[in-house]
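Chain residues, written in single-letter form:
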There are 4 protein chains.
Amino acid sequence: MMNLGFIGLGAMGRPMALNLLGAGHALSVFARHPGRAQPLLEAGATPAASPFAVAQMVDVLFLNVSDDAEVESVLFGPQSAAAGLRGDSVVVDMGTTSPTATRRFAARLAEQGVAWLDAPVSGGEAGAKAATLSIMVGGSEATFTRVLPLFQVMGKHIVHVGDSGAGQVAKACNQIAVSATLLGVAEALTFARKQGVNADKVRSALLGGSAYSRILEVHGQRMLTHDFTPGFRARLHQKDMGIVLEEARQANVAVPSAALAGQMLNALVAAGAGELDSSALVTVLERLAGLEA
Amino acid sequence: MMNLGFIGLGAMGRPMALNLLGAGHALSVFARHPGRAQPLLEAGATPAASPFAVAQMVDVLFLNVSDDAEVESVLFGPQSAAAGLRGDSVVVDMGTTSPTATRRFAARLAEQGVAWLDAPVSGGEAGAKAATLSIMVGGSEATFTRVLPLFQVMGKHIVHVGDSGAGQVAKACNQIAVSATLLGVAEALTFARKQGVNADKVRSALLGGSAYSRILEVHGQRMLTHDFTPGFRARLHQKDMGIVLEEARQANVAVPSAALAGQMLNALVAAGAGELDSSALVTVLERLAGLEA
Amino acid sequence: MMNLGFIGLGAMGRPMALNLLGAGHALSVFARHPGRAQPLLEAGATPAASPFAVAQMVDVLFLNVSDDAEVESVLFGPQSAAAGLRGDSVVVDMGTTSPTATRRFAARLAEQGVAWLDAPVSGGEAGAKAATLSIMVGGSEATFTRVLPLFQVMGKHIVHVGDSGAGQVAKACNQIAVSATLLGVAEALTFARKQGVNADKVRSALLGGSAYSRILEVHGQRMLTHDFTPGFRARLHQKDMGIVLEEARQANVAVPSAALAGQMLNALVAAGAGELDSSALVTVLERLAGLEA
Amino acid sequence: MMNLGFIGLGAMGRPMALNLLGAGHALSVFARHPGRAQPLLEAGATPAASPFAVAQMVDVLFLNVSDDAEVESVLFGPQSAAAGLRGDSVVVDMGTTSPTATRRFAARLAEQGVAWLDAPVSGGEAGAKAATLSIMVGGSEATFTRVLPLFQVMGKHIVHVGDSGAGQVAKACNQIAVSATLLGVAEALTFARKQGVNADKVRSALLGGSAYSRILEVHGQRMLTHDFTPGFRARLHQKDMGIVLEEARQANVAVPSAALAGQMLNALVAAGAGELDSSALVTVLERLAGLEA
């Protein structure tokens, strides 16, 4: 049993805190909107009057508040948690906070001997309730090991990505890939509807192949190792995008992310990579970022 | 045993034709570059001198040539296949051809009683060899049923999407979704590298969650049924994109498709959908396409 | 006085043909929709029954039809112009046709000794009526010189850009720059409205500075000579785009082309060019195109 | 003669402050890097030890520092200007600051009776030296009138856009339009080079027409009044973008902003506006922003 604190009891934080409580730990909570703490108090949590008051009671303090400014306010604002934390305690930020602010918070807490983990999650409200969240963790190996059993009470797929901030970088990467993929899928299904084709059948056709759902796994691996043996040649992918853009124009349907990807494929072929697998697209992005191959 | 023909013996067509031959069918082939037919001839295929000559011998004629113009030339050019085809035969185009040209070809062949299937594939050269291709089929139900046993010799996941052209629409949708997803994954991994974070660990973090690899399955379904119960609220996704774009700027890394997706999320929230699941992004695209909800 | 022909009497072609007639030339016309020729006939033009019939009568044949396929049909289809043209005549295509098809048409006509100019225009219907069109011309110097007096009857700003196809390349460049600029202006005015600021005042503020309306002139020149002495430093422009994207997010307004430009500025600074004028953006595009500096 | 203060003596601020001094006003300056003040002191400015010290001496305090955080620090940080300002004084922020932070600064100063103008500029270092800057001003009419003579010493085109923050909104709009236009021009010139056409001639062709350089003026006006009488029909513009995208693909050149604009034109035509002037593109953006027509 450990003494835990939780600040930030919204739609995500509440079920996560309940899971910690359900695992037999003592839990102190602070909520700016007191009604939000109610389900926790009924389940046995101890109310505290301020971040400072929570901090005084705990080994590990979890945060799940809404943005950088709120993390800063809870940690270093009036009646701050930082003022109450013991030197060997840990702060674990499970919200989505910017990597830059994260590194600053970790450094300030380190000055007073408090350890830090950034541990943003994916999996949504359903995952928080079912304790099946993915948790991406930044911070020292030792601190990660210490808190891991608590993460295992809240989630299922837990990866220690690197030093402080690395968890938030992974979350940002997640949002980059997810938003682009959502947009691509939305464009595909809308294109089908506009062409008068059953979008459900199109989804089945794409799904069944399994190729699509393994892009991060298979093509992502190629991107990491720069092994671009085809696979599907960039030159042919580029040719197909010609069909896509021309049909989109004739059918009056906007496919902005596909149009953009088409331009990046033009750049890939311009670089002489037409016979490589189209996952070599990552080299175009790397050059734009000023990274060496 | 059926009498089959195959025209277009490139990196994809050759292994597909070999699989048909291996299933015990008689196969006539025509290749503009005669060397390409060699492996087929050694395996028992019959050479033919022209598309016309192939067509005269077959029940089903498969095409896998490089673009619209070549399909047109094979079917209707000099020594054309169309002139040789019997009235109850079928042409199956397994290359990637534009839906618009496809519908035109199907209509022209129908005038002489020849049936049509467009049946583009995904799965790459490896899938062609292993007979694990996904095949997306457009054409009549009856013709699909007739050719299905032959598709099963070449592929594993075979979906009859709709009428002539619908297979090519599905393929275009596949390329829209795949290209956007590839670009998103490439941006995510490049962002990680530029931030000095282990991109392999980031990939693991995203993969393990399984959420990412199920976007087409889970979010795609929400998009089809317009059931946008969160899930992950658009408003929160939009907030996270603010972090992504600001960190990308500070780290000097270009994330064009994420930037675009961020703008579409702005539009989604502007439409009053901030509390819906972010897969409601499809409604922005639908409005741009002039489709009713 | 010359014997001229004109095929393609739509909203643009009709006033252009009237201006040629008004300059005292003999003009034969062919219109697929005969009603369209009426104003020309009333003004003294001679009707012809086919492209072939027009071609037989003229020194210079002007085309202004709707797309590549129609140019091809008029020139080389049934009762074609090509069959009627004399060896020392000239075809001048004033519509917007693809550079690739243009080069093909020019080459085919050259085989029979007929000269070619591609001469697409900008300026819209008003410019066609007022004879103030801009005309971008591709073809040989000699042919350009021969037809120039006729161009001067229809337009005001006439540039001989290069060989056959170069006029159409210039027109494509025009459409690239115009569409991107229109989108940028539309985003700017929409951003102002969404922020509750008088968009008319904003337009005045941007206009008066004259800097904006001289981007092609001033920054375009820097792009051509690669003289990137600031001016306005890329690093500062990038910083400002951070404000733009964050405010757009907070105000729920989509600025897709500005978001894209922001990513390209990230790439420019990543390449070490932060202290150069932001017109150095062209170097990012040149690298994407595989062009040497 | 007025008592003026200037804080922020970088590449832009220094010549602006020299112009104020040259007009005969008393000028106190504070520079964190004392060397930067040297040219001002030699020209007769009075050095001050802190923002507070400057503020105590002045009627109008000009700021030109690098970002929101620095404006906040100068105004409200240690030895702050706000603590030294008299109740009837004015703060004029001539740097580029976010509209949101601007409104907050203005409100805080108003509590102590200090007036505010946000007055960002365009025109670059050359414009600052030549006193030909464009100045976009937000704040009350009375304060604007009071400071106008000082603006006239630094710039040439001065527009009072609206209340506090409106000047910064106009500046953001400027950066939206300028960045998109720069990108479009860069794409156009790169497209020309990749097609082997003289980019200088292309620039001349586009320039001379004057249509291009008047897009903000002419099309911007149409966007404001929603008078979309063509002009150039969206349907035709969309058709031309088909040529652009196909030629870009064949020539392996990336035109990302043109590709995006093409998609927005698809949306415009999908909305039934194909026969309107293509400046109706603004309606697509307005719908995305949730604005009524």
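All residue numbers refer to positions counted from 1 along the written sequence of the respective chain. Numbering of ligands from 1 and lettering of chains from A proceed in the order in which they are written. With the structure being a predicted model, the display of local features is reserved for residues of pLDDT at least 70 and the display and counting of side-chain atom pairs for 80 or more, all residues being used for whole-chain, interface and lining totals.

Points about the overall build of chain A
The line we're drawing: Helix and strand definitions follow DSSP, with helices as H or I runs of at least four residues and strands as E runs of at least two, each counted in order from the N terminus. We call a residue exposed when 12 or fewer other C-beta atoms sit within 10 Å of its C-beta, buried when the count reaches 20 or more, and partly exposed for counts in between; the C-beta positions come from the backbone. Note on contacts: each residue gets a C-beta atom placed from the backbone, and two residues are in contact if those atoms are within 7 Å.
For chain A, the count of helices and strands is 14 helices and nine strands. Taking all 293 residues of chain A together, the buried fraction comes to 63%. Expressed as a percentage of contacts within chain A between residues at least 6 apart in sequence, the contacts between residues at least 24 apart total 62%.

Quick word on the interface of chain A and chain B
The condition that has to hold: For this scheme, ten residues count as nonpolar: Ala, Val, Leu, Ile, Met, Phe, Trp, Tyr, Cys and Pro. Four count as charged, namely Asp, Glu, Lys and Arg, and the remainder, Gly too, count as polar.
Tallying the contact residues gives 99 residues for chain A and 100 residues for chain B. Residue contributions to the side of chain A that touches chain B peak at 26 residues, all from helix α9 (residues 166-194) of chain A. Residue composition of the side of chain A that touches chain B, grouped by class: 52 nonpolar, 32 polar and 15 charged.

Overview of the pairing of strand β6 (residues 115-118) of chain B
Residue and element names in this part refer to chain B. To keep it simple, the criterion reads: Two strands qualify as a pair provided that DSSP identifies no fewer than 2 bridges between them. With strands facing away from the observer, any crossover in which the path from the first strand over the helix to the second runs clockwise is taken as right-handed.
Side-chain alternation along β6 places A115 and L117 on one buried face and W116 and D118 on a second face that is also buried. Of the pairings in the sheet, the one linking strand β5 (residues 90-93) to β6 comprises four bridges and is parallel in character. Across the sheet, V90 pairs through a bridge with A115, a residue of β6. You can see the chain leave β5, run along helix α6 (residues 99-110) and come back into β6, and the turn it takes is right-handed.

As for the domain arrangement of chain A
Using the following cut-off: Just so you know, the domain bounds were taken from an automatic or database domain assignment.
Taken domain by domain, chain A consists of domain 1 (3-162) and domain 2 (171-288). The distance between the C-alpha centroids of domain 1 of chain A and domain 2 of chain A comes to 38 Å.

Topic: helix α13 (residues 256-270) of chain A
Defined as follows: In this scheme, a helix's expected span is set at 1.5 Å multiplied by one less than its residue total.
Here α13(A) spans 21 Å end to end across 15 residues, near enough to the 21 Å set by a 1.5 Å rise per residue. Following α13(A) by one or two positions, G272(A) has its phi on the positive side, about 90°.

Regarding the pairing of strand β4 (residues 60-63) of chain B
Residues and elements named next belong to chain B. Residues V60 and F62 of β4 are buried on one face, and the alternating residues L61 and L63, pointing to the opposite face, are buried as well. The pairing of strand β1 (residues 3-7) with β4 spans four bridges and is parallel. Bridge assignment links F6 to a residue of β4, and that residue is F62. Of the strand pairs in this sheet, β4 and β5 are connected by four bridges, and their pairing is parallel. Bridging from a neighbouring strand, F62 pairs with V92 of β5.

Brief notes about the environment of V65(B)
Residues and elements named next belong to chain B. With respect to the helices and strands, V65 occurs in the loop between β4 and α4 (68-76). Sequence separation between V65 and G10 is 55 residues, and the spatial gap between their C-alpha atoms is 7.8 Å. With near-sequence residues (within four places) excluded, V65 lies in contact with I7, G8, E70, V71, V74 and G95.

Some thoughts on unusual backbone geometry
All names here are of chain A. In this structure, G231 follows P230 across a cis peptide bond, with omega equal to 5°. Mapped onto the elements, G231 comes out in the loop between α11 (215-225) and α12 (234-251). The backbone phi angle of N252 is positive, close to 55°, even though this residue is not glycine.

A short note on the relation of the copies chain B and chain D
Operational definition: A least-squares superposition brings the copies together, and it is based on the C-alpha atoms of residues with pLDDT no lower than 70 in both.
Overlaying chain B on chain D yields an RMSD of 0.0 Å, the required transformation being a rotation through 180° with an accompanying axial translation of 0.0 Å. With respect to symmetry, the two chain copies, as superposed, fit the operation of a two-fold axis. A high fraction, 100%, of the interface residues of chain B reappear at the interface in chain D, so the copies pair face to face through one surface.

Brief notes about the relation of the copies chain A and chain B
Least-squares fitting of chain A to chain B yields an RMSD of 0.0 Å, with the transformation described by 0.0 Å of translation along the axis and a rotation of 180°. A shared interface surface links the copies, since 100% of the contact residues of chain A are contact residues in chain B too.

Observations concerning the packing of α9(A) against helix α12 (residues 234-251) of chain B
Which entries qualify depends on this criterion: Simply put, an axis is a line fit to the C-alpha atoms, just over the touching stretch for a helix, and the angle between two N-to-C directions goes from 0 to 180 degrees. Geometric relationships in this document are graded by angle, where less than 35 degrees denotes roughly parallel, more than 145 denotes roughly antiparallel, 65 to 115 denotes roughly perpendicular, and other angles denote oblique. Each crossing is labelled by how the near helix is turned from the far one, with a counterclockwise turn of less than a right angle marking it left-handed and a clockwise turn marking it right-handed.
The contact between α9(A) and α12(B) brings their axes to 9 Å, and the two run at 110°. On the basis of the axis angle, α9(A) is roughly perpendicular to α12(B). For the pair α9(A) and α12(B), the sense of crossing is left-handed. From α9(A), A172(A), Q175(A), I176(A) and S179(A) reach across to α12(B), where they touch H237(B), D240(B), M241(B), I243(B), V244(B) and E247(B).

Considerations on the interface of chain B and chain D
With eight residues of chain B at the interface, the matching set in chain D holds eight residues. Every element with two or more residues in the side of chain B that touches chain D is listed here: α13 (256-270) and α14 (281-288) of chain B. If you tally residues by element for the side of chain B that touches chain D, the top one is α13(B), at three residues. Each residue belonging to the side of chain B that touches chain D can be placed in one class, and the counts come to six nonpolar, one polar and one charged.

A short note on the nonpolar core
Quick reminder of the rule: In this description, a nonpolar core means buried residues of the types Ala, Val, Leu, Ile, Met, Phe, Trp, Tyr and Cys, linked to one another by C-beta atoms lying within 7 Å.
V29(A), V29(C) and V29(D) are the most contacted members of the largest nonpolar core, which totals 456 residues. Ignoring any residue separated from it by four or fewer positions in sequence, one finds V29(C) in contact with F6(C), L9(C), A17(C), A37(C), L40(C), A45(C), P47(C), A48(C) and V54(C).

Some words on helix α6 (residues 99-110) of chain D
This is how the line gets drawn: To obtain the arc, one takes the directions from the helix axis to the C-beta atoms.
With twelve residues, α6(D) extends 16 Å from end C-alpha to end C-alpha; this agrees with the ideal 16 Å at 1.5 Å per step. Of the residues making up α6(D), those classed as buried are P99(D), A101(D), T102(D), F105(D), A106(D) and L109(D). Down the axis, α6(D) shows its buried residues gathered within 155° of arc, on one side only. Among the structural elements, α12 (234-251) of chain C together with α4 (68-76), α5 (81-84), β5 (90-93), β6 (115-118) and α9 (166-194) of chain D are those in contact with the buried residues of α6(D).

A look at the environment of N266(B)
Position of N266(B) among the secondary structure elements: in helix α13. N266(B) sits in the buried class, given 30 other C-beta atoms within 10 Å. A sequence separation of 27 residues divides N266(B) from K239(B), and the C-alpha atoms of the two residues are 9.6 Å apart. Setting aside residues up to four positions removed in sequence, N266(B) forms contacts with Q238(B), A248(C), R249(C), N252(C), V253(C) and A254(C).

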